[in-house]
Amino acid sequence: MLKNHFYKLAGILLLCYLPSASEAVTDKYRVMWRKDPSTTMVIGWNQVSGENPVLLLDVLDHGQNAPEYAVVRKAGQIIEAKGMKNHFVRLEGLKPNTTYYFVIEDSEGISKRLFFTTAPADSEHRLSLIAGGDSRNHRQARQESNKLVAKLRPHCVLFGGDMTKDDTAEQWQEWLDDWQLTIAEDGRMTPIIVARGNHESENQTLIDLFDVKSKDLYYALSLGGDLLRIYTLNSLVASGGNQKIWLQRDLQASTRAIWKIAQYHFPMRPHTKNKPEHNHQMLNWATLFFKFGVNLAIESDAHVVKSTWPVRPGRGPRSDEGFIRDDEKGTVYVGEGCWGAPLRQPNDDKSWTRASGSFNQFKWIFVDREKMEVRTIRTNDSKWAEAVDPDNIFETPVGLVLWNPPSGAVITIPRHQDILEEPPASFPPQEEDLLAAREAMEVLDFSATREGPRVIIKWSTRGEPAGLLYELQRSLDAGETYTTISTLASKEKPENNYRVVDTGFAIQKPGKYINYRLRRTFSDGKCVVLDLRDIHKRDGDWQRFPLIEPDPVSHDILIKYSLKKPANVAILLLNPKMQAAARMGFENQNPGAYSKTFDLKGVPNGRYLLVIKANRQVIRRFRVVKRP
Ligand SMILES: [Fe+2]
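Anyway, here's the lowdown on the structure attached to this text. Being a predicted model, the structure only gives us computed values, none of them experimental. (Residues numbered from 1 in each chain as written. Predicted model: local features only at pLDDT ≥ 70, side-chain atom pairs only at ≥ 80, totals over all residues. Heavy atoms only, no water.)

## What about the environment of Gly-240?
Mapped onto the elements, Gly-240 comes out in the loop between strand S14 (228-232) and helix H5 (241-253). When its relative accessible area of 2% is taken as the criterion, Gly-240 is described as buried. Contacts of Gly-240, omitting those with residues within four sequence positions, involve Asn-284, Ser-523, Asp-524 and Gly-525. (Helix = DSSP H or I, 4+ residues; strand = E, 2+ residues; numbered from the N terminus. Buried < 20%, exposed > 50% of the residue type's maximum accessible area, 1.4 Å probe, protein only. Contact = heavy atoms within 4.5 Å.)

## Topic: the coordination of the iron ion
Coordination sphere of the iron ion, protein contribution only: Asp-162 (OD), Asn-198 (OD1), His-265 (NE2) and Asp-301 (OD), at 1.9 to 2.1 Å. Angles of 85 to 156° at the metal separate the four donor atoms of the iron ion, which places the site in the irregular class. The sequence motif formed by the donor residues of the iron ion is D-x35-N-x66-H-x35-D. On the criterion of sequence distance, the pair formed by Asp-162 in the loop between strand S11 (156-159) and helix H3 (169-179) and His-265 in the loop between strand S15 (259-263) and helix H6 (279-291) is long-range, its members being 103 residues apart. (Donors = N, O, S within 2.8 Å, 3.2 Å for Na, K, Ca; no water. Tetrahedral: all angles 85-135°; square planar, octahedral: opposite > 155°, others 65-115°.)

## As for the packing of aromatic side chains
If you walk through the whole model with that rule in mind, you get 26 aromatic pairs. For the pair Tyr-101 and Phe-115, a centre-to-centre distance of 5.3 Å together with 45° between the ring planes defines the contact as tilted. Separated by 14 residues along the polypeptide, Tyr-101 in strand S7 (residues 99-106) and Phe-115 in strand S9 (residues 114-117) bring together distant segments of the chain. Judged by centre distance (6.0 Å) and plane angle (70°), the rings of Tyr-231 and Trp-246 are edge-to-face. Of the two residues, Tyr-231 is situated in strand S14 and Trp-246 in helix H5; the sequence distance between them amounts to 15 residues. Following the ring pairs from residue to residue traces out a cluster consisting of Phe-159, Trp-172, Trp-175, Trp-179, Phe-210, Trp-339 and Phe-362. The ring of Phe-586 has Lys-596 lying over it, and the distance from NZ or CZ to the ring centre is 4.1 Å. (Phe/Tyr/Trp six-rings, centres within 6.5 Å; stacked < 30°, edge-to-face > 60°. Lys NZ or Arg CZ within 6 Å of the ring centre and 35° of its normal.)

## Thoughts on the environment of Ala-355
Along the chain, Ala-355 turns up in strand S21 (residues 353-357). On the basis of relative accessible area, Ala-355 is assigned to the buried category, the value being 7%. Spatially, the C-alpha atom of Ala-355 lies 6.5 Å from that of Pro-405, the residues being 50 residues apart in sequence.

## Let's talk about helix H2 (residues 139-152)
The end-to-end C-alpha separation of H2 is 20 Å, in line with the 20 Å expected for 14 residues at 1.5 Å each. Counting buried positions along H2 yields 10 of 14 residues, so the element is predominantly enclosed. For H2, the set of buried residues is Ala-141, Arg-142, Glu-144, Ser-145, Asn-146, Leu-148, Val-149, Ala-150, Lys-151 and Leu-152. Where H2 is buried, its residues meet strand S10 (127-132), S11, H3, strand S22 (361-367) and strand S23 (371-378). Of the residues flanking the end of H2, it is Arg-153, one or two places downstream, whose phi is positive at about 50°. (Expected span 1.5 Å × (residues − 1).)

## So, the sheet that holds S15
Strand-to-strand pairing in sheets goes through backbone hydrogen bonds, with the strands running parallel or antiparallel. The strand order across the open sheet built from seven strands is S13-S14-S15-S16-S20-S17-S21, with neighbouring strands paired in mixed fashion. The strands lining the two open edges of the sheet, one partner per strand, are strand S13 (219-223) and S21. Sheet twist, expressed as the mean angle between neighbouring strand axes with direction ignored, is 15°. Pairing geometry for S15 and strand S16 (residues 296-298), over three bridges, is parallel. Looking at the pairing, Ala-262 lines up with Ala-297 of S16. (Pairing = 2+ DSSP bridges. Axes fitted to C-alpha atoms, helices over the stretch in contact; angles between N-to-C directions.)

## Some thoughts on helix H4 (residues 203-210)
Of all eight residues in H4, seven are buried; the element is thus mostly enclosed. Within the sequence span of H4, burial applies to Asn-203, Thr-205, Leu-206, Ile-207, Asp-208, Leu-209 and Phe-210. Those residues of H4 that are buried are in contact with strand S1 (26-32), strand S5 (77-81), strand S6 (84-91), H3 and strand S12 (192-194). Once H4 finishes, Asp-211 follows within two positions and takes phi at roughly 55°, a positive value.

## Notes on the pattern of salt bridges
With the rule as written, the count across this model stands at 35 salt bridges. Where Asp-599 meets Lys-601, a salt bridge forms, and the shortest distance between an N and an O atom there is 3.4 Å. Note on Lys-601: relative accessible area 53%, which makes it exposed. Put simply, Arg-126, Asp-368, Lys-371, Glu-373 and Arg-375 are held in one network by salt bridges that share partners. (Salt bridge = Lys/Arg side-chain N within 4 Å of Asp/Glu carboxyl O.)

## As for a positive patch on the surface
The grouping of Lys-458, Lys-491, Lys-493, Arg-499, Arg-583 and Arg-616 at the surface amounts to a positive patch. If you trace the backbone, Arg-499 turns up in strand S29 (residues 495-502). (Patch = residues over 30% accessible without salt bridge, like charges linked within 9 Å, V, L, I, M, F, W, Y side chains within 5 Å. Areas by Shrake-Rupley, 256 points an atom, 1.4 Å probe, with all protein chains shown as cover. Lys, Arg positive; Asp, Glu negative; His and termini not counted. Charge placed at Lys NZ, Arg CZ, Asp CG, Glu CD.)

## Overview of the nonpolar core
With 79 residues, the main nonpolar core has Phe-210 and Leu-296 as its most contacted residues. The element contributing the most residues to this core is S22, with five residues. Not counting residues within four places of it along the chain, the set of residues in contact with Phe-210 comprises Arg-30, Met-32, Phe-88, Trp-172, Trp-175, Leu-176, Ile-192 and Val-194. (Core = buried A, V, L, I, M, F, W, Y, C linked by side-chain atoms within 4.5 Å.)

## Here we look at the packing of H3 against H4
The geometry of H3 relative to H4 is characterised by a closest axis approach of 13 Å and an angle of 45° between their N-to-C directions. Taken together, the axis directions place H3 and H4 in an arrangement best described as oblique. The hand of the H3/H4 crossing is right-handed. Residue-level inspection shows Trp-172, Trp-175 and Leu-176 of H3 in contact with H4, the latter providing Thr-205, Leu-206, Leu-209 and Phe-210. Along the lines of polarity and charge, the residues of the contact of H3 with H4 split into six nonpolar, one polar and no charged. (Parallel < 35°, antiparallel > 145°, perpendicular 65-115°, else oblique. Left-handed = near helix turned anticlockwise from the far one by under 90°. Nonpolar A, V, L, I, M, F, W, Y, C, P; charged D, E, K, R; others polar.)

## A word on the pairing of strand S30 (residues 515-521)
Counting buried positions over the seven residues of S30 gives five, a clear majority of the element. One ladder, built from seven bridges, connects strand S27 (residues 469-475) with S30; its direction is antiparallel. What sits directly across from Gln-473, in S30, is Arg-517. Looking at chain direction, S30 and strand S31 (residues 527-531) are connected through five bridges and run antiparallel. Looking at S31, one finds that Arg-517 is bridged to Asp-531. Here S30 folds back onto S31, and the loop between the two strands holds five residues, one of which, Gly-525, carries a positive phi near 95°.

Shown next as structure tokens:
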């Protein structure tokens, strides 16, 4: 009896582990657009194992019954990136507003059945969008937000960058695993439109993982014919120059679009004091938003919540930080991130701020011919929300928690009157101003120092103009080719210090020579590249500095300097590669004259530059020659 019972139990267990069709080992599914969202779709996945994968597609749902599917497509692009074999099938010639079912079949089996719906091609259909960004640190918050995408079944998601913290393979694999939570229980997938944040170290990351068509990561897509044009801008390349020219041309050619939305990473006027202003975006983009009637701008990066009244660039007594409220023709700015990143305090409201807060959130946006509505979803509080009715995706489901500040839970933007007006004459700045600002800027003490497995790269600046971007680039082939390892926005103070740590590199590639260079892109798109080797050449001319030679017996040198005000003093001995061979530091020295002894016993013979800094500013330089 007991034995019989055991076999029954074992039989049940066995049945549980026998799948009906063996599943292909594919994962990390995603769908995107390169071209017209009403007739195209890109299907992306990671091929873990198995041979000859194909995408099987049909307007009819055949489940996992592979032979029934009408269309078979091979991946046209296979991109090995971030430890994954990213396969992409670019589908074209699809029917608008139509659901397509698909599976991926390979030598090992068949994937689960998924589906997507193309965008409508005319403005009669109301659209639902989700927009947010900054998912880099907190997986649980990120997962909760992703689950809500599955429940709300929007036409697409606009994602404003900073998906992961360090842009590593492991973090991206986790991110794409978490993205699977945006797939609804019935297999419905939501297309994603990605923008680059500062935690994506290069454009290539998003091109490789989402098959983005634009190598510069700025592009526009239209949903619903003339109903909506979505602009994705790139805060990590120059906002002026080519990007501005492209934006202006596209806006000029898109005056028929009833609604225009822009998404990009850096908020022009962050609502936390911990983040810098992004004046260059304001000058280059906000003026165009106003001129061409962009209705909504979605920003990220600051990890606070904000919405503004409609504003336009402007000066005068009613303006605040360069924006002025204009209910008729202004742009509503919303943001700023919070898809699972460390929250910040909203301590920098302006006179035109509608509301601000600090919680995990994304925007839920409806667009039809007459109005646009923007809601802010408190994602942490909406864990128990029900899914929308697939036949009425605009009705707030039970359990979905909306932010309800005093200004109201719904921002309604009525359709603009089609009036175009020139922006105020003071914007944008003149070419000559930008040229003068570029020439006035100084980069000081650009250096690379090896510290065990890390290389510390530092530089300081004076007179940084607004809207400057730095790209630190590395070469492993003696300067033949460079790749960007870090992108930073300028701090825009009179004097700034920057530090980048190139981690683990010396362990991965021992014995390799590394060249670094610093590329500066100014707000008008002009670039200036500063090579560490050029610095050596420049500083090779050390003859202009006074010579000090160490005492032949004690190997000491005597250094004299004076301070006009209290300062932290650092004394660095740099070799011809501008690497620190020795250093001394003195904290909080009073004004006065000093003479210090520097022991060079442990320093190899050779030529050096001795630099004395007070509060990080160079006050004296000496030439040092240590002879055998
Ligand atoms: Fe960011």
